[in-house]
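Listed below are the residues making up each chain.
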Amino acid sequence: MKLKEMILKGIPAAPGISIGTAYLLDSEEFVIPRRKIKKEDVPLEIERFNKCLAKTRKELLEIKGKIADEMGSEHAEIFSAHLLVIEDPILINDVISRIEKDLQAVETVFLDIMKRYIDVLSKTNDEYLRERVSDINDVGKRVLRNLLGTKQETLETLKEKVIVVAYDLSPSDTALMHKRNVLALVTDIGGRTSHTAIMAKSLEIPAVVGLEVATARIKNGDFLIVDGAHGQVLVNPTQENLKKYELEQRKFLAFERDLDALKELPCQTLDGKRIILAANIEMPEDVKSVLEHKADAVGLYRTEYFYMNRKGLPTEEEHYAACKYVAEKMYPRPVVVRTLDLGGDKFLSNLHVPREMNPFMGWRAIRFCLARPDIFKTQLSAILRASAHGKIKIMYPLISGLDELKRANSMLEEVKDDLRKKNIKFDEKIEVGAMIEVPSAAMTSDILAKEVNFFSIGTNDLIQYSLAVDRVNEKIAYLYEPAHPAVLRFIKTIIDNGHANNIWVGLCGEMAGDVLLTIILVGLGLDHFSMSPVNMLEVKRLIRAISFKKAEKIAEKTLKLATAAEVEAFAREKLKEVAPDLAMGLD
Ligand code: PEP
Ligand code: MG
């Protein structure tokens, strides 16, 4: 039977076109029919349980070995925790005695026990025990799948190339993903700057987020076309559309190949203003793509991913090794290492920070770090030590005022003193910067500028805070407007205050890679653009096609406009004049 085509519209999150089979990422809530057994079947049921445990153990060992080989042993540690759960004699005895007493099938008993453990552990005050909840949940599902014989591939074991469709993807899901097996990402929730969008760009695969109904409408194995630039997903497309998109895909690849020629050329305007074009990375391995794209620097190394998919916190040595690796690979180009930005939509299972009503406004980023000097100082020490091996700069996220910045700086000084006492080398002239992503910081940037060597504008957050629009909520995504006059005025204030105090100003939110706004940002005087490597060549192409003088005039006119729609229309008109090929995909 021929399947009917269905077109779903969502939010464009990462460019490109992928064509392939849907793989629905398990969000399974196990609903298992309760099954009674006869007394004489008890030994059989116990044998099923033992066999299942052996199978699960084998699987876990295999995955652990594979992840350790491919991503390093620290990322495989989570599977040691899973092994501990299925080897726990109390759990095993509990299941066996309940099968014997209640005469129920092993899956029924196991599910009940798993739920009970999770319930009790979630409520305890003991942090270590609370941390076991996600382990029990993950491994429990694996055991149940094996008991029920449902074939379930997981992200880390995917063998075929698929399009991953999920309600949402947690940072630990994406950390386990491999570009070679994931053709595209499609999610029900999330916005342009949600962590899924950021990860998709970093993996250089197309993504559409905020589709709301993707997991309800798409079935495992459905044939899909994902158009990342336009935020569309075609489910079981017609032959006609398939042909059309295959052509589009070829055009997109050819366009990318054309841009390749720009790699060797400097990022400067027609009248010779040099602008630093830097890359954002999420993992040390991403540096490979940064080098391929010939970026001038790493402008944002989001270190929080380093804390994921592991048991416990990373040690100072592990941190040091990761930062040293990136610094050495990039040398002599600089690397801006951002200190831990936990919270918002990036939760770390191994820290178990309590859930909050309002996580983006809550105990996150620098606020968390200042309250946990043990974690913060360990990271600072590692970054400082790595600075002896390259050009590292340190950057604090979510600074909201002077006191916070001073406290962070004084902790940094304490760590430097400790290192000096121990005769451990670091870059004494290391530059320190603040991310400006909170309106209060933007409005006091004249004051903050005196305490740092640079600013980096975090527009992903600055937009959500200045417009009061949750950056990951697809229902209000239409209000998330980077071109809003309020956002542009904040950016201008920050750049002007930075320059008045002789410090450079960068921008590292997703807006830095949005070609529609490049000319305006250049005209506002931005010194440093940092973005996912996938966007870099387009931005460079545009910067090389305009003079700074002209961009300044355009920015000046833009600042007089009243709405985001007016700004976008004006920006589109100018983009068409300067680089019509770049404007094409934006209509
Ligand atoms: C930002 O807020 O713009 C930013 C770059 O940081 P993150 O997206 O990690 O919050
Ligand atoms: Mg931010």
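Note that this is a predicted model, so its numbers are computed, not measured.

So, on to the packing of helix α19 (residues 515-524) against helix α21 (residues 548-558). Remark: α19 packs on α21, axes separated minimally by 7 Å, with the N-to-C direction vectors making an angle of 100°. Considered as vectors, α19 and α21 are oriented roughly perpendicular to each other. On α21, the residues that touch Ile519, Ile520, Val522, Gly523 and Leu524 of α19 are Phe548, Ala551, Glu552, Ile554, Ala555 and Thr558. Looking at the contact of α19 with α21 residue by residue, the class counts come to eight nonpolar, two polar and one charged.

This paragraph deals with the coordination of the magnesium ion (ligand 2). Around the magnesium ion (ligand 2), the protein contributes the donor atoms Glu437 (OE) and Asp461 (OD), which lie 2.0 to 2.2 Å from the metal centre. On the criterion of sequence distance, the pair formed by Glu437 in the loop between β13 (431-436) and α15 (439-443) and Asp461 in helix α17 (residues 459-467) is long-range, its members being 24 residues apart. Asp461 shares its class with Glu437; the two are buried.

A few words now on helix α7 (residues 195-203). With nine of its nine residues buried, α7 lies for the most part within the structure. Among all positions of α7, only His195, Thr196, Ala197, Ile198, Met199, Ala200, Lys201, Ser202 and Leu203 are buried. Residue Glu204 follows α7 closely and has a positive phi angle near 60°.

Here we come to the site of ligand 1. Taken together, 16 residues surround ligand 1, and among them Arg302, Arg338, Lys346, Asn460 and Arg471 come closest. Relative to its unbound accessible area of 290 Å², ligand 1 is 100% covered by the protein chains. Given that more than half its atoms are within 2 Å of the pocket grid, ligand 1 belongs to the largest cavity. If you list the elements that add at least two residues to the shell around ligand 1, you get β10 (297-302) and α17. Top element by residues in the shell around ligand 1 is α17. It accounts for three residues. Of the residues that constitute the shell around ligand 1, the class distribution is four nonpolar, four polar and eight charged.

Once that is clear, we can look at the sheet that holds strand β12 (residues 391-396). Pairing is parallel around the closed barrel formed by eight strands, whose spatial order is β9-β10-β11-β12-β13-β14-β15-β16. Mean inter-strand twist for the sheet, computed between neighbouring axes without regard to direction, equals 25°. In terms of strand pairing, strand β9 (residues 276-281) meets strand β16 (residues 528-531) through four bridges, oriented parallel. Looking at β16, one finds that Ile276 is bridged to His528. Sitting on the sheet, helix α14 (residues 402-421) touches β12 and β13, and the angle it makes with β12 is about 140°.

Counted under the stated rule, the structure contains 37 salt bridges. For Glu59, the salt bridge is made with Arg142, and the minimal N-O distance between the two is 3.2 Å. Residue Glu59 is found in helix α1 (residues 42-71), and its partner Arg142 is found in helix α5 (residues 127-148); the two are separated by 83 residues along the sequence. For Glu59, a relative accessible area of 22% gives the class partly exposed. On the accessibility criterion, Arg142 (8% relative accessible area) is buried. Measuring nitrogen to oxygen at the nearest pair gives 2.9 Å for the salt bridge that ties Asp94 to Arg116. Here Arg116 lies in helix α4 (residues 106-123) and Asp94 lies in helix α3 (residues 89-102), a separation of 22 residues in the sequence. Among the residues examined, Arg116 registers a relative accessible area of 41% and is labelled partly exposed. Residues joined by salt bridges that share partners form a network here, namely Glu304, Arg338, Asp341, Arg364, Asp461 and Arg471.

On the surface, Lys549, Lys553, Lys557 and Lys560 cluster together into a patch of positive charge. By relative accessible area, which is 67% here, Lys560 ends up exposed.

Right, let's talk about the pairing of β13 for a bit. β13 sits mainly inside the fold: five of its six residues count as buried. As paired strands, β12 and β13 are joined by four bridges and run parallel to one another. Directly across from Tyr396, in β13, lies its bridge partner Ala434. Regarding topology, α14 serves as the crossover connection from β12 to the parallel β13, and that connection is right-handed. Sheet topology note: the β13/strand β14 (residues 454-457) ladder contains four bridges and is parallel. Along β14, the bridge assignment pairs Met435 with Ser456.

Bringing the pairing of β14 into the picture now. Looking down a regular strand, the side chains alternate between one sheet face and the other. The alternating pattern of β14 places Phe454 and Ser456 on one face and Phe455 and Ile457 on the opposite face, and all of these are buried. Summarising the sheet, β14 and strand β15 (residues 504-507) pair through four bridges and their orientation is parallel. Within β15, the position partnered with Ile457 by the bridge is Leu507.

Moving on to unusual backbone geometry. The omega angle of the peptide bond from Tyr331 to Pro332 is 5°, so this bond is cis rather than trans. Checked against the element boundaries, Pro332 lands in the loop between α11 (316-330) and β11 (334-338). Backbone geometry places Leu103, a non-glycine residue, at a positive phi of 50°. Here Leu103 is to be found in the loop between α3 and α4. A positive phi angle is found at Ala468, which is not glycine, with a value near 55°. Of note, Ala468 is situated in the loop between α17 and α18 (485-500). Residue Ala468 is classed as exposed on the basis of its relative accessible area of 69%.

What counts, and at which threshold
- Residues numbered from 1 in each chain as written.
- Chains lettered and ligands numbered in written order.
- Predicted model: local features only at pLDDT ≥ 70, side-chain atom pairs only at ≥ 80, totals over all residues.
- Heavy atoms only, no water.
- Axes fitted to C-alpha atoms, helices over the stretch in contact; angles between N-to-C directions.
- Helix = DSSP H or I, 4+ residues; strand = E, 2+ residues; numbered from the N terminus.
- Parallel < 35°, antiparallel > 145°, perpendicular 65-115°, else oblique.
- Contact = heavy atoms within 4.5 Å.
- Nonpolar A, V, L, I, M, F, W, Y, C, P; charged D, E, K, R; others polar.
- Donors = N, O, S within 2.8 Å, 3.2 Å for Na, K, Ca; no water.
- Buried < 20%, exposed > 50% of the residue type's maximum accessible area, 1.4 Å probe, protein only.
- Near = heavy atom within 4 Å.
- Areas by Shrake-Rupley, 256 points an atom, 1.4 Å probe, with all protein chains shown as cover.
- 1 Å grid on protein atoms, 1.4 Å probe; cavity = no way out; pocket = protein on both sides within 12 Å on 5 of 7 lines; lining within 4 Å.
- Sits in = over half its atoms within 2 Å of the grid points.
- Pairing = 2+ DSSP bridges.
- Salt bridge = Lys/Arg side-chain N within 4 Å of Asp/Glu carboxyl O.
- Patch = residues over 30% accessible without salt bridge, like charges linked within 9 Å, V, L, I, M, F, W, Y side chains within 5 Å.
- Lys, Arg positive; Asp, Glu negative; His and termini not counted.
- Charge placed at Lys NZ, Arg CZ, Asp CG, Glu CD.
- Right-handed = clockwise from strand over helix to strand, strands pointing away.

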